[in-house]
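Residue-level listing of the chains:
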Amino acid sequence: LAALLLKFAAPQQGQITLGGVDIATLAAADLRRRVAWLTQDARLFDDSIAANLRLAAPDATEAELWRALDRAQIGDLVRSLPDGLETMCGEAGARFSGGQGRRIALARTLLSPAPVLILDEPAAGLDADTERAFLATLDEATAGRTVILILHRLTGVERPNRILRLVGGRAIPATG
């Protein structure tokens, strides 16, 4: 699903529209302004927190970086670090726990102005308590946007407008 929506794959038949426009006609840059993606293995690069965040919004101001970090509920931790936004993340984000790294990656996604967010297994690898807290953060942080939350389990997604299951290439309403 994510591959189709991001044009990493083409539909075998039919078309995918976004706001009434066939995405096949959109340039990649135009699509990325409309759709942002948080992968299940979102990585932090061996650079500063600020540089990692600005991958999504190169011209973001410091205030915008802090706003995204606060919305992802990781701003207080970053403020407590001696180098703040200039703290180095380490190779693959080794400086941070899995939950902290995931929240920084979420902040990066939230910086995108895209009205549609695809979140692919965003809590993968987190312990149960951290997963619940992280999914609760998503409700607040993504308010006002369309969110496609790709999960293998429905834990923590009690409040979405619609839950669909993909079975045999078809989206069907989830039951119970």
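Visitor: Help me understand the overall build of the protein chain in this model?
Guide: On a plain count of helices and strands, the protein chain comes out with 7 helices and 7 strands. Taken from N to C terminus, the helices and strands of the protein chain fall in the order α-β-β-α-β-α-α-α-α-β-α-β-β-β. Classification of the 176 residues of the protein chain by burial places 38% in the buried group. Within the protein chain, contacts between residues separated by at least 24 positions form 64% of all contacts whose residues are at least 6 apart in sequence. Accessible area for the protein chain stands at about 10200 Å²; split by element, carbon and sulfur atoms hold 51% of it.

Visitor: I keep staring at the nonpolar core and nothing clicks. Help me out?
Guide: Side chains of a nonpolar character, in soluble globular proteins, are inclined to be buried together. Residues Ile49, Leu53, Leu69 and Leu85 are the most contacted members of the largest nonpolar core, which totals 34 residues. Those elements giving two or more residues to this core turn out to be β3 (35-38), α3 (49-53), α4 (62-71), α6 (98-111), β4 (116-120) and α7 (128-141). Per element, the largest residue contribution to this core is 6 residues, and it comes from α6. Ignoring sequence-local partners within four residues, the contact set of Leu69 consists of Ile49, Leu53, Ile74, Gly75, Val78, Leu85 and Ala107. Counting residues in each nonpolar core, the second largest holds 10 residues, with Ala2, Leu5, Ile16 and Leu26 among its members.

Visitor: Explain the pattern of salt bridges here, please?
Guide: Note on pairing: side chains with opposite charge can pair once their charged atoms come close. Under the criterion given, the structure shown has 3 salt bridges. A salt bridge links Asp30 to Arg33, with the nearest nitrogen and oxygen atoms 2.2 Å apart. Remark: Arg33 and Asp30 occur in helix α2 (residues 28-34); sequence separation between them is 3 residues, near one turn of the helix. Classification of Asp30 by relative accessible area gives partly exposed; the value is 29%.

Visitor: Could you clarify how one ought to interpret α6 in this entry?
Guide: It helps to recall that an α-helix has 3.6 residues per turn; residues three or four apart then point in one direction. Over its 14 residues, α6 extends 20 Å from the first C-alpha to the last, a length consistent with the 20 Å expected when each residue adds 1.5 Å. Burial within α6 is extensive, with 12 of its 14 residues counted as buried. Among the residues making up α6, those that are buried are Gly99, Gly101, Arg102, Arg103, Ile104, Ala105, Leu106, Ala107, Arg108, Thr109, Leu110 and Leu111.

Visitor: It is not clear to me how the packing of α6 against α7 should be interpreted in this structure. Could you clarify?
Guide: Packed helices, taken two at a time, are described by the angle their axes make and the gap between the axes. At their nearest, the axes of α6 and α7 sit 11 Å apart, and the two run at 15° to each other. Put simply, α6 runs roughly parallel to α7. Seen along the crossing, α6 lies across α7 with a hand that is right-handed. Each of Gly99, Arg102, Arg103, Leu106 and Leu110 in α6 lies in contact with α7, whose residues at this interface are Thr130, Ala133, Phe134, Thr137, Leu138 and Ala141. For the contact of α6 with α7, the class distribution of residues is 6 nonpolar, 3 polar and 2 charged.

What counts, and where the lines are drawn
- Residues numbered from 1 in each chain as written.
- Predicted model: local features only at pLDDT ≥ 70, side-chain atom pairs only at ≥ 80, totals over all residues.
- Heavy atoms only, no water.
- Helix = DSSP H or I, 4+ residues; strand = E, 2+ residues; numbered from the N terminus.
- Buried < 20%, exposed > 50% of the residue type's maximum accessible area, 1.4 Å probe, protein only.
- Contact = heavy atoms within 4.5 Å.
- Areas by Shrake-Rupley, 256 points an atom, 1.4 Å probe, with all protein chains shown as cover.
- Core = buried A, V, L, I, M, F, W, Y, C linked by side-chain atoms within 4.5 Å.
- Salt bridge = Lys/Arg side-chain N within 4 Å of Asp/Glu carboxyl O.
- Expected span 1.5 Å × (residues − 1).
- Axes fitted to C-alpha atoms, helices over the stretch in contact; angles between N-to-C directions.
- Parallel < 35°, antiparallel > 145°, perpendicular 65-115°, else oblique.
- Left-handed = near helix turned anticlockwise from the far one by under 90°.
- Nonpolar A, V, L, I, M, F, W, Y, C, P; charged D, E, K, R; others polar.

Such coordinate-based values are descriptive only and should not be taken to indicate function.
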